[in-house]
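One letter stands for each residue in the lines below.
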Amino acid sequence: MLLSISTNVYAVTTEDAVITVSSDIATPGSVINVDLSIKNNPGIIAMAFCVEYDATSFEYIDYTEGYLTNYTITNHSDKGIVSFVSVADRNIKTDGT
């Protein structure tokens, strides 16, 4: 599975924010989950990222709502990209998945 994620996190803190992507082994016909998590969150009001996948080998099915609640997820199956855009009305400082 090919995943491509780029992020920029800017903060004044003694600990760096850590964004992780889970891994899994896929077999034909199986369903896998890809979790994106943040630890040492310095505070985020807005963020956007894309998860890239090989659309000839994988099919995006759905997402499970995580700890954020105000976001949009769009599947661009013709490009093999799922985009995520989030804008909050306050600085979200909690860690989560």
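Caption draft 1: View of the pattern of salt bridges. One pass over the full model with this rule turns up 1 salt bridge. A salt bridge links Arg 90 to Asp 89, with the nearest nitrogen and oxygen atoms 4.0 Å apart. The same class applies to Arg 90 and to Asp 89, which are both exposed.

Caption draft 2: Focus on empty space enclosed by the protein. Applying the stated criterion across every chain, the model contains 1 cavity of 30 Å³ or more. Of the volumes computed, that of the largest cavity is approximately 40 Å³. The wall of the largest cavity is formed by Asn 41, Ile 44, Ile 45, Ala 46, Met 47, Tyr 67, Leu 68, Ser 86, Ala 88 and Ile 92. Among the secondary structure elements, those contributing two or more residues to the lining of the largest cavity are strand 3 (44–52) and strand 5 (81–92).

Caption draft 3: Fine view of the nonpolar core. Within the largest apolar cluster, 7 residues are counted, these being Phe 49, Val 51, Leu 68, Tyr 71, Phe 84, Ala 88 and Ile 92. When residues of this core are traced back to their parent elements, those giving at least two are strand 3 and strand 5. Sorting elements by how many residues they give to this core places strand 5 first, with 3 residues. The residues contacting Tyr 71, other than those within four sequence positions of it, are Tyr 63, Thr 64, Glu 65, Gly 66, Phe 84, Val 85 and Ser 86.

Caption draft 4: Inspection of the environment of Val 31 at higher detail. Positionally, Val 31 belongs in the loop between strand 1 (18–21) and strand 2 (36–39). Taking the C-alpha atoms as reference points, Val 31 and Tyr 60, 29 residues apart in sequence, are found 9.6 Å from one another.

What counts as what
Residues numbered from 1 in each chain as written. Predicted model: local features only at pLDDT ≥ 70, side-chain atom pairs only at ≥ 80, totals over all residues. Heavy atoms only, no water. Salt bridge = Lys/Arg side-chain N within 4 Å of Asp/Glu carboxyl O. Buried < 20%, exposed > 50% of the residue type's maximum accessible area, 1.4 Å probe, protein only. 1 Å grid on protein atoms, 1.4 Å probe; cavity = no way out; pocket = protein on both sides within 12 Å on 5 of 7 lines; lining within 4 Å. Points joined across faces, edges and corners; volume = space filled by probe spheres on them. Helix = DSSP H or I, 4+ residues; strand = E, 2+ residues; numbered from the N terminus. Core = buried A, V, L, I, M, F, W, Y, C linked by side-chain atoms within 4.5 Å. Contact = heavy atoms within 4.5 Å.

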